[in-house]
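Secondary and tertiary structure notes
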Amino acid sequence: QLSKRLQTVASFIPKGSVLADIGSDHAYLPCYAYLHGYITKAIAGEVADGPFRSAKQQVEKSGLSHVISVRKGDGLQVVMPNEVDCITIAGMGGTLISNILENGKEKLENVKRLILQPNVGAHIVRQWLLNNEWELIDERILEEDGQIYEVLVAERGDPYRPYTQLQVELLLGPFLLKERNEAFEKKWTLEMKHLSDVIEQLEHAKTEEAMKKKQQFVDTLQMVEEALKR
Ligand code: SAM
């Protein structure tokens, strides 16, 4: 049984896609996507030896070696130009996801959809999409086994379209803020508590740098509180 997190990622793959799943680990996602009729072919990319071998084994065990090509390499280097039209990158930090996209920009030319699942730092991914003319078209937030996950879906378009208040929506997610489900409320209640704690710890900050940091946290907290009051 595939995790709810990865099932959510898979649910956004357009039917008939040729997929690249980068950082595929066991290749569970491309195997599931093929067996459920989302994709016709896939590349499972892995940079690390162990996960690369797990992916190869899983694909062979599932009898899918003819449709899922497991490749070892860094990020989008495993993809050839025009080879895929949908990319999934899941289960990593937002900075790493953004770096993988940034370093593989030339492979994105014919890609129609990105489905990204940052474990932390979703705002970094939203900012990358905004800077690179990808329009965020949908988002999900969900809780599984005590962890909260965000899934971001993007296509080429007007990158500013989903935003009415850029700064706070880059942080919270424009779609997630509109929906405000239980996982969202839980995440931001925890985040605000964490921010308050950090601010309190910096209460007697003396260095200029610490004082600047503290002010940033105060501003962020205020911005989030205001957005959630509406
Ligand atoms: N995508 C799977 C999921 O969501 O369950 C696996 C997530 S696992 C935590 C992250 C995987 O990304 C690891 O197997 C790691 O080796 C791989 N990875 C990290 N950086 C990578 C990169 N630059 N290129 C390809 N794979 C990478």
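Residues numbered from 1 in each chain as written. Predicted model: local features only at pLDDT ≥ 70, side-chain atom pairs only at ≥ 80, totals over all residues.

1. Details of the overall build of the protein chain
Quick note on the threshold: The helix count covers DSSP runs of H or I at least four residues long, the strand count covers runs of E at least two residues long, and both are numbered beginning at the N terminus. Exposure criterion: with C-beta atoms placed from backbone coordinates, a residue whose C-beta has 20 or more other C-beta atoms within 10 Å is buried, one with 12 or fewer is exposed, and one in between is partly exposed. The contact criterion used is a C-beta to C-beta distance within 7 Å, with each C-beta placed from the backbone.
Helix and strand counts for the protein chain stand at nine helices and seven strands. Dimensions of the protein chain, computed from the C-alpha atoms along their principal axes, are close to 60 × 35 × 30 Å. Relative to its full complement of 230 residues, the protein chain shows a buried share of 36%. Considering only contacts within the protein chain whose residues lie at least 6 apart along the sequence, 67% involve residues at least 24 apart.

2. Digging into the site of the ligand
We apply this condition: As a rule, any residue with its backbone-derived C-beta atom within 6 Å of a molecule or strand is reported as near that molecule or strand.
The immediate surroundings of the ligand are formed by 17 residues, with G23, D25, A48, A90 and G91 found nearest. Of all the secondary structure elements, the ones that give two or more residues to the shell around the ligand are β2 (39-46), β4 (86-92) and α4 (94-103). Tallying contributions element by element places β4 first for the shell around the ligand, with three residues.

3. A few points about the domain arrangement of the protein chain
The following threshold applies: For each domain, the first and last residues come from an automatic or database assignment.
Domain boundaries in the protein chain define domain 1 (4-162) and domain 2 (184-229). On a C-alpha basis, the centroid separation for the pair domain 1 and domain 2 is 32 Å.

4. Notes on the sheet that holds strand β1 (residues 17-22)
Threshold: One requirement defines pairing of two strands: DSSP has to find at least two bridges between them. A fitted line through C-alpha atoms represents every axis, and for helices the fit uses only the stretch in contact; the resulting angles, taken between N-to-C directions, go from 0 to 180 degrees.
The seven strands are arranged β3-β2-β1-β4-β5-β7-β6 in an open sheet whose pairing can be described as mixed. The open sheet has two edge strands, β3 (68-72) and β6 (134-144), and neither has a second partner. Geometrically, the sheet is characterised by an average inter-axis angle of 15° between neighbouring strands, direction not taken into account. Alignment of β4 against strand β5 (residues 113-118), held across six bridges, turns out to be parallel.

5. Side note on the packing of helix α1 (residues 4-11) against helix α2 (residues 28-35)
Applied cut-off: Oblique is the label for any angle not covered by the other classes, which are roughly parallel (under 35 degrees), roughly antiparallel (over 145) and roughly perpendicular (65 to 115). Crossing handedness: left-handed means the near helix sits turned counterclockwise from the far one by under a right angle, and right-handed means the same turn made clockwise. Think of it as three bins: nonpolar holds Ala, Val, Leu, Ile, Met, Phe, Trp, Tyr, Cys and Pro, charged holds Asp, Glu, Lys and Arg, and polar takes everything else, Gly as well.
For the pair α1 and α2, interaxial distance at closest approach is 10 Å and the crossing angle is 55°. Judged on the interaxial angle alone, α2 and α1 are oblique. When the axes of α1 and α2 are compared, the crossing they make is right-handed. In this structure, α1 uses L6, V9 and A10 to contact α2, whose residues at the interface are Y28, L29, Y32 and A33. Looking at the contact of α1 with α2, its residues break down into seven nonpolar, no polar and no charged.

6. A look at the nonpolar core
To keep things clear, this is the line we draw: A set of buried residues qualifies as a nonpolar core if it consists of Ala, Val, Leu, Ile, Met, Phe, Trp, Tyr and Cys joined through C-beta atoms within 7 Å.
Of all hydrophobic cores here, the largest spans 52 residues; its most connected members are I13, A33 and I68. Discounting residues that sit within four places of it in the chain, I68 has contacts with A27, P30, C31, Y34, A42, A44 and V59. Counting residues in each nonpolar core, the second largest holds five residues, with I141, L176, F184 and W188 among its members.

7. A word on the confidence of the model for the protein chain
Selection rule: The pLDDT score gives, residue by residue, the confidence of the prediction method on a 0 to 100 scale.
When the pLDDT values of the protein chain are averaged, the result is 97; 100% of them are 70 or greater. Across the interfaces of the predicted complex, the ipTM metric reaches 0.99, alongside a pTM of 0.97.

8. Considerations on the pairing of β5
Worth spelling out the cut-off: Place the viewer so that the strands point away; then a crossover is right-handed whenever the path from the first strand over the helix to the second strand goes clockwise.
Within β5, five of the six residues are buried, which leaves the element mostly enclosed by the surrounding structure. In terms of handedness, the path from β4 via α4 over to β5 forms a crossover that is right-handed. In terms of strand pairing, β5 meets strand β7 (residues 147-156) through four bridges, oriented antiparallel. When the sheet's bridge partners are listed, R113 is paired in β7 with E155.

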